[in-house]
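Below, each chain spelled out in residue letters.
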Amino acid sequence: MKSIPQELVERLASVRSIGVITGAGISAESGIPTYRGAGGLYDDPEEGQRAIEALSGETLLKDPDRTWKVLRDIARHAQGAEPNPGHLALAEWEDRAERFALLTQNVDGLHHQAGSRNVIEIHGNIKRVNCLRCSYQEALPAKALLNLECAPKCPDCQGVLRPKAVLFGEMLPEEALRRLEEEFHRHVPDLLLLVGTTALFPYIAFPAQIARAAGSLVVEVNPEDTDVTYLAEFALRGTAGALLPPLLAAFGGVAQEKGQAQGPK
Ligand SMILES: [Zn+2]
């Protein structure tokens, strides 16, 4: 097991509220190719570029079959992926913290699957669909997605279904943005944990800047340096699966000691 710096263990003692931001890295550890990096799925870079074009809001409206075939390919590569120890540690952490919010850029639903509850899916969820014509929305059965040859149709009105994921060139979902602001801007968490994200997008880097300016503890968990490393007081180098369980244990250990200290003498 990786060890957590003693200074960080001590700082965790005063943490009451936790905000976590996860990116493609934690999903990659479960064997999921990144949807936004869809190009990586294909050996030929040109083919990769075409896949990214296919995953745009524009293509979905003009040629939904093309978009859905790429989504199917991504789903085939991700087949059988399960939450890893990093996902599971985050879910357990939520039970122990007074306040907990998890913002993810991943569209695979693995945080929900691991048991996390207060999850903000800023790029949506690829496993859910809604109709472009009527109000129908549902979870798309995995089997249907893996075997499709054209865009799935709405059972109510035969309109084209779309994934409830943010495609290239599309706006972020309003509800997710509202919750992001509530959980990360209005209530700045005592601890902000950046996991497996390069924080390329301003809406990912901004909460880290706010947390740092507010004097919160900012911790990065990533195998390599990223654009937000400079904001992290502690940059832990390694995978989420290797680092989050001992980090959770460090937090739990402190909480337990405190509980004992406050108990009847
Ligand atoms: Zn419909």
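Per-chain numbering applies: the sequence of each chain, read as written, is numbered from 1 onward. Two thresholds apply to this predicted model, a pLDDT of at least 70 for residue-level local features and 80 or more for giving and counting side-chain atom pairs, whereas whole-chain, interface and lining totals are computed over all residues. The side-chain numbers reported here are obtained from all heavy atoms of the structure, hydrogens and water having been left aside.

**Points about the domain arrangement of the protein chain**
Domains assigned within the protein chain are domain 1 (6-31 + 83-123 + 173-262) and domain 2 (38-77 + 126-165). Delimitation of the domains relies on an automatic or database domain assignment. Computed over C-alpha atoms only, the centres of domain 1 and domain 2 are separated by 30 Å. Summed over both partners, the accessible surface that disappears when two parts come together, traced with a 1.4 Å probe, is what is meant by buried area. Across the interface of domain 1 and domain 2, roughly 320 Å² is buried in total on both sides, 40% from carbon and sulfur atoms. Together, V107, D108 and H123 form the three largest contributors to the area buried by domain 1 at its contact with domain 2, with a combined 79%. In what follows, salt bridge is the name for a side-chain nitrogen of Lys or Arg lying within 4 Å of a carboxyl oxygen of Asp or Glu. Taken together, domain 1 and domain 2 are joined by zero salt bridges. We call two N or O atoms a polar contact when they sit within 3.5 Å, provided that within protein one can donate a hydrogen and the other can accept it, with sequence-adjacent residues counted only if both atoms are side-chain atoms. Between domain 1 and domain 2 we count two residue pairs in polar contact (both at pLDDT 80 or more) in total.

**Some words on the coordination of the zinc ion**
Four donors placed tetrahedrally about a metal ideally form angles of 109.5 degrees, and six donors placed octahedrally ideally form angles of 90 or 180 degrees. Note on donors: an N, O or S atom is included if it sits within 2.8 Å of the metal, or within 3.2 Å for Na, K and Ca, and water is never included, so sites can look incomplete. Only C131 (SG), C134 (SG), C154 (SG) and C157 (SG) from the protein reach the zinc ion as donors, at distances of 2.3 to 2.4 Å. We note that the donor set of the zinc ion lies within a single chain, spaced as C-x2-C-x19-C-x2-C. Residue classification places C154 among the buried residues on the basis of a relative accessible area of 0%. To sort residues, take the accessible area from a 1.4 Å probe on protein chains only and compare it with the maximum for the residue type: under 20% means buried, over 50% means exposed, and anything in between is partly exposed.

**Here we look at the pairing of strand β6 (residues 161-165)**
Extensive coverage of β6 is indicated by the burial of four of its five residues. Relative to β6, strand β4 (residues 124-131) is paired through five bridges, and the arrangement is antiparallel. Note that in β6 the partner of N125 across the bridge is K164. A run of DSSP states H or I qualifies as a helix once it reaches four residues; a run of E qualifies as a strand once it reaches two. Both are numbered from the N-terminal end. At least two bridges found by DSSP between two strands is the condition for calling them paired.

**A few points about the sheet that holds β4**
Spatial ordering of the open sheet is given by β5-β4-β6, a layout of three strands whose pairing is antiparallel. At either end of the open sheet lies a strand with only one pairing partner, and these are β5 (137-139) and β6. The mean inter-strand angle of the sheet, taken between neighbouring strand axes irrespective of direction, is 35 degrees. In this structure, β4 lies alongside β5, joined through three bridges in antiparallel fashion. Residue pairing for β5: R128 is matched across the bridge by A139. Only the stretch in contact is used when a helix axis is fitted, and all axes are lines through C-alpha atoms; the angle between N-to-C directions ranges over 0 to 180 degrees.

**With respect to the environment of A97**
Along the chain, the position of A97 falls in the loop between α6 (85-96) and β2 (99-104). Sequence spacing of A97 and G252 is 155 residues, and the spatial spacing of their C-alpha atoms is 9.5 Å. Residues within four places of A97 in sequence aside, it is in contact with R16 and I18. Whether two residues are in contact is decided by their heavy atoms, any of which lying within 4.5 Å being enough.

**Description of helix α5 (residues 64-77)**
Helix length check: α5 (14 residues) gives 20 Å between terminal C-alpha atoms against 20 Å at 1.5 Å per residue, within 8%. Where α5 is concerned, the buried positions are P64, T67, W68, V70, L71, R72, D73, I74 and A75. Here the expected span of a helix is defined as 1.5 Å times the quantity of residues minus one.

**What about the pattern of salt bridges?**
Between side chains of opposite charge, pairing is possible as soon as their charged atoms come close. This structure, assessed with the given rule, holds 14 salt bridges. Taking the shortest distance from any N to any O, the salt bridge between R66 and E53 comes out at 3.5 Å. Highlighted residues: R66 in helix α5 and E53 in helix α3 (residues 45-54), separated in sequence by 13 residues. With relative accessibility at 31%, the residue R66 sits in the partly exposed group. Note on E53: relative accessible area 41%, which makes it partly exposed. Ionic pairing is found between E220 and R237, a salt bridge with its closest N-O pair at 2.9 Å. Here E220, found in strand β8 (residues 217-222), pairs with R237, found in strand β9 (residues 234-237); they are 17 residues apart in sequence, far enough to count as distant.

**Description of the packing of α3 against α5**
At their nearest, the axes of α3 and α5 sit 8 Å apart, and the two run at 120 degrees to each other. The interaxial crossing formed by α3 with α5 has left-handed handedness. Of the residues in α5, those in contact with R50, A51, E53 and A54 of α3 are R66, T67 and V70. Each residue is assigned to one class: nonpolar for Ala, Val, Leu, Ile, Met, Phe, Trp, Tyr, Cys and Pro, charged for Asp, Glu, Lys and Arg, and polar for all the others, Gly among them. Residues that form the contact of α3 with α5 fall into these classes: three nonpolar, one polar and three charged. Whether a crossing is left-handed or right-handed is set by the direction in which the near helix is turned from the far one by less than a right angle, anticlockwise for left-handed and clockwise for right-handed.

**What to know about the nonpolar core**
Within this scheme, the nonpolar core is defined by two criteria: the residues are buried Ala, Val, Leu, Ile, Met, Phe, Trp, Tyr or Cys, and they are joined through side-chain atoms within 4.5 Å. Among the nonpolar cores identified, the biggest contains 29 residues, and L8, L12, I18, W93, L193, L244 and L247 are the most heavily contacted of them. Of all the secondary structure elements, the ones that give two or more residues to this core are α1 (6-12), β1 (17-22), α6, β2, β7 (191-195), β8, β9 and α11 (240-262). Formed by 23 residues, the second largest nonpolar core is a distinct cluster that contains L71, Y136, A151 and L161.

**Comments concerning the environment of V221**
Along the chain, V221 turns up in strand β8. As for V221 and E183, which are separated by 38 residues in sequence, their C-alpha atoms are 20 Å apart. For V221, the residues in contact, after removing those within four places along its chain, are L193, L194, V195, G196, L236, G238, T239, A240, L243, L244 and L247.

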